[in-house]
Amino acid sequence: MYSEKVMEHFTNPRNVGEIKDADGIGEVGNAKCGDIMRMYLKIEEDRIVDIKFKTFGCGSAIASSSMATELIKGKTIEDALKITNKAVAEALDGLPPIKMHCSVLAEEAIKAALKDYSEKSGVEIEALKDFVPKEDHH
């Protein structure tokens, strides 16, 4: 069963959309499993000043994307990198075990967007040096 927070973030997701002049864009997931997340970041002076997402997937994927954006908006890059899939799931008051991969996708979408920012801007983010998103989260 889904928590009230999961249902709230699914039915009223925060930060939906895209940022046309995004500093970093990360896309994770794959069409075979049905969950694809794309995160857009606007970064100023090492701080995430805006974040948007587009997610194609189940309610848990949408809720995880929404919560992840809420958790890192306004944070520094360093603080955003500390957000784990467990933190996303806990902030949603839990996800069913079969849906935990959705919170993993959210964590990876953040990292993928930050890695894209790093590569585009020339700002080195040591923690993402070897980061490669997984193809299958199931």
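In short, a report on the structure. As the structure is a prediction and not an experimental result, all values here were calculated from the model.

1. A word on the overall build of the protein
Part 1: Each helix and strand counted, the protein has five helices and three strands in total.
Part 2: In the protein, the order of α-helices and β-strands from amino to carboxyl end is α-β-β-β-α-α-α-α.
Part 3: Taking the principal axes of the C-alpha coordinates as reference, the protein spans close to 45 × 25 × 25 Å.
Part 4: Across the 138 residues of the protein, 49% fall into the buried class.

2. With respect to unusual backbone geometry
Part 1: Phi is positive for aspartate 46, close to 70°, though the residue is something other than glycine.
Part 2: In this fold, aspartate 46 is placed in the loop between strand S2 (35-44) and strand S3 (47-56).
Part 3: Aspartate 46 sits in the partly exposed class, given a relative accessible area of 39%.
Part 4: Phi is positive for aspartate 93, which is not a glycine, with a value near 60°.
Part 5: Its location among the elements puts aspartate 93 in the loop between helix H4 (85-91) and helix H5 (100-121).

3. Quick notes on the pairing of S2
Part 1: Across the ten residues that make up S2, a large majority, seven, are buried.
Part 2: With seven bridges joining them, strand S1 (residues 24-30) and S2 adopt antiparallel strand pairing. Looking at S2, one finds that glycine 29 is bridged to isoleucine 36.
Part 3: When S2 meets S3, the two strands line up antiparallel, connected through nine bridges. Following the sheet pairing, arginine 38 is matched in S3 by lysine 54.
Part 4: Turn length for the S2-S3 hairpin, with the two strands adjacent in sequence and antiparallel, is two residues, and the turn residue glutamate 45 shows positive phi of about 50°.

4. Comments concerning the pattern of salt bridges
Part 1: Overall, the coordinates contain twelve salt bridges when judged by the stated rule.
Part 2: Residue glutamate 18 is joined to lysine 54 by a salt bridge in which the shortest nitrogen-to-oxygen separation is 2.7 Å. In this pair, glutamate 18 sits in the loop between helix H1 (4-11) and S1 while lysine 54 sits in strand S3, placing the two residues 36 residues apart along the sequence.
Part 3: Its relative accessible area of 34% is what places glutamate 18 among the partly exposed residues.
Part 4: Here aspartate 50 makes a salt bridge to lysine 73, at a shortest N to O gap of 3.9 Å. In this pair, aspartate 50 sits in strand S3 while lysine 73 sits in the loop between helix H2 (59-72) and helix H3 (77-81), placing the two residues 23 residues apart along the sequence.
Part 5: You can call lysine 73 partly exposed: its relative accessible area is 36%.
Part 6: Salt bridges sharing partners connect three or more residues here, namely Glu18, Lys20 and Lys54.

5. Concerning the sheet that holds S3
Part 1: If you trace the three strands from one edge of the open sheet to the other, you get S1-S2-S3, paired in antiparallel fashion. The sheet terminates laterally at S1 and S3, the two strands that pair on one side only. On average, each strand axis in the sheet is inclined to that of its neighbour by 15°, with strand direction left out of account.
Part 2: Against the sheet, H2 makes contact with S2 and S3, and its axis sits at roughly 175° relative to S3, the strand it touches most.
Part 3: Contacts from H5 reach S1, S2 and S3 within the one sheet, and its direction differs from that of S1 by about 145°.

Rules of the game
- Each chain carries its own residue numbering, running from 1 in the written order of its sequence.
- Local features in a predicted model are, by the rule used here, given only for residues with pLDDT of at least 70; side-chain atom pairs are given and counted only at 80 or more, and totals for whole chains, interfaces and linings are based on all residues.
- Calculation of side-chain values draws on the structure's entire complement of heavy atoms; hydrogens and water are dropped beforehand.
- Strands here mean DSSP runs of E at least two residues long; helices mean DSSP runs of H or I at least four residues long; both are numbered from the N terminus.
- A 1.4 Å probe rolled over the protein chains alone gives each residue an accessible area, and that area as a share of the maximum for its type sets the label: buried under 20%, exposed over 50%, partly exposed in between.
- Between any two strands, at least two bridges found by DSSP are needed for them to pair.
- Salt bridges are defined as contacts in which a side-chain nitrogen from Lys or Arg sits within 4 Å of a carboxyl oxygen from Asp or Glu.
- In this analysis, axes come from line fits to C-alpha atoms, helices being fitted only over the stretch in contact, and the angle between any two N-to-C directions falls in the range 0 to 180 degrees.
- Residues count as neighbours in contact if any of their non-hydrogen atoms are within 4.5 Å of one another.

Scope: geometric values only; no functional claims are made or implied.
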